[in-house]
Amino acid sequence: MASVLGCPTIFFCRNNGWAISTPTQEQYKGDGIVIRAPSYDMKAIRVDGNDVFAVLTAMKAARKICINESRPVLIEAMSYRLAHHSSTDESTYYRSPHEIHYWRKHDPITRLHRYMENRGIWDAEKEEEWLKQANQLIEEALVEAESTKSLSPEAMFTDVYEKMPPSIEKQMMETKLHLEKYRDKYPMSNYLPWN
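Residues numbered from 1 in each chain as written. Predicted model: local features only at pLDDT ≥ 70, side-chain atom pairs only at ≥ 80, totals over all residues. Heavy atoms only, no water.

**Focus on the pattern of salt bridges**
All chains considered together, the criterion is met by 10 salt bridges. Of the charged contacts, one joins E76 and R46 as a salt bridge, the two residues approaching to 3.0 Å between their closest N and O atoms. Pair noted here: E76 is in strand β5 (residues 73–78) and R46 is in strand β4 (residues 43–48), with a separation of 30 residues, a long-range link. In this structure E76 comes out as buried when scored by relative accessible area, which is 0%. Its salt-bridge partner being D51, residue R111 comes within 3.9 Å of it at the nearest N-O pair. With R111 in helix α5 (residues 108–118) and D51 in the loop between β4 and α3 (52–69), the pair connects residues that are 60 residues apart, well separated along the chain. In this structure D51 comes out as partly exposed when scored by relative accessible area, which is 23%. (Salt bridge = Lys/Arg side-chain N within 4 Å of Asp/Glu carboxyl O. Helix = DSSP H or I, 4+ residues; strand = E, 2+ residues; numbered from the N terminus. Buried < 20%, exposed > 50% of the residue type's maximum accessible area, 1.4 Å probe, protein only.)

Laid out in structure tokens, this is it:
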């Protein structure tokens, strides 16, 4: 629908090489996900998902296409899933320790950390200070979030388009009428009021 409607949308797909416990080459034929974009008349970019700077460059290029051409873009970030798929998954049953060890060295956070240290812009002291600040900010944000009402349902319509299309305006009014009619079914006191 993004192509049909000309929505300037970036679809970011992290291809971690696995479909739960099945290697992607055993899950589907073809060259990844990016090859599917042209069939939807979408532009596509494949990028090393473990390279922060490459991903940034790809995102900038995709944004430029979205803004200038008012069309969607698919980014396929080739990466690797270091962790288990879920809490019930034990990935060492189907991945060797050697494979996991190899990819741990290529983890994007590790790579960026190494890059910054090698250039003298990051060190253990800065990291310790940053962790303290980050933890403090997280604690403050949690306290604020828990004491703040959620946005009005209206926000899911008004915070998307500069000029709202008539179809979305219609959906917004239908939602408002629905919530008014069935107000006893929804915890509306948890939300900011509708304007």
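**So, the pairing of β5**
Judged by how many residues are buried, β5 sits mostly within the fold: 5 of 6 residues are covered. Bridge count between strand β1 (residues 10–15) and β5: 6 bridges; the pairing is parallel. The residue bridging F12 from the neighbouring strand is I75, located in β5. By the bridge criterion, 6 bridges tie β4 to β5 in an arrangement that is parallel. Residue pairing for β5: D48 is matched across the bridge by M78. One crossover worth recording links β4 to the parallel β5 by way of α3, and it is right-handed. (Pairing = 2+ DSSP bridges. Right-handed = clockwise from strand over helix to strand, strands pointing away.)

**Describing the environment of T92**
Counting through the fold element by element, T92 comes out in the loop between β5 and α4 (97–104). Spatially, the C-alpha atoms of T92 and S21 are 9.9 Å apart, while their sequence positions differ by 71 residues. Every residue in contact with T92, bar those within four places of it in the chain, is listed here: H84 and I100. (Contact = heavy atoms within 4.5 Å.)

**A word on a negative patch on the surface**
A contiguous patch of negative charge on the surface is contributed by E117, D123, E125 and E129. On the secondary structure map, D123 appears in the loop between α5 and α6 (124–147). With a relative accessible area of 34%, D123 lands in the partly exposed category. (Patch = residues over 30% accessible without salt bridge, like charges linked within 9 Å, V, L, I, M, F, W, Y side chains within 5 Å. Areas by Shrake-Rupley, 256 points an atom, 1.4 Å probe, with all protein chains shown as cover. Lys, Arg positive; Asp, Glu negative; His and termini not counted. Charge placed at Lys NZ, Arg CZ, Asp CG, Glu CD.)

**Things to note about helix α8 (residues 166–181)**
The terminal C-alpha atoms of α8 lie 22 Å apart, and with 16 residues this matches the ideal 22 Å at 1.5 Å per residue to within 8%. Along α8, the positions that sit buried rather than exposed are I168, M172 and L179. Down the axis of α8, the buried side of the element spans an arc of 45°, and every buried residue falls inside it. Facing away from the buried surface of α8 by more than 90 degrees, the exposed residues are P166, K170, L177 and K181. (Expected span 1.5 Å × (residues − 1). Arc of directions from axis to C-beta.)

The analysis is restricted to geometry; functional conclusions fall outside its scope.
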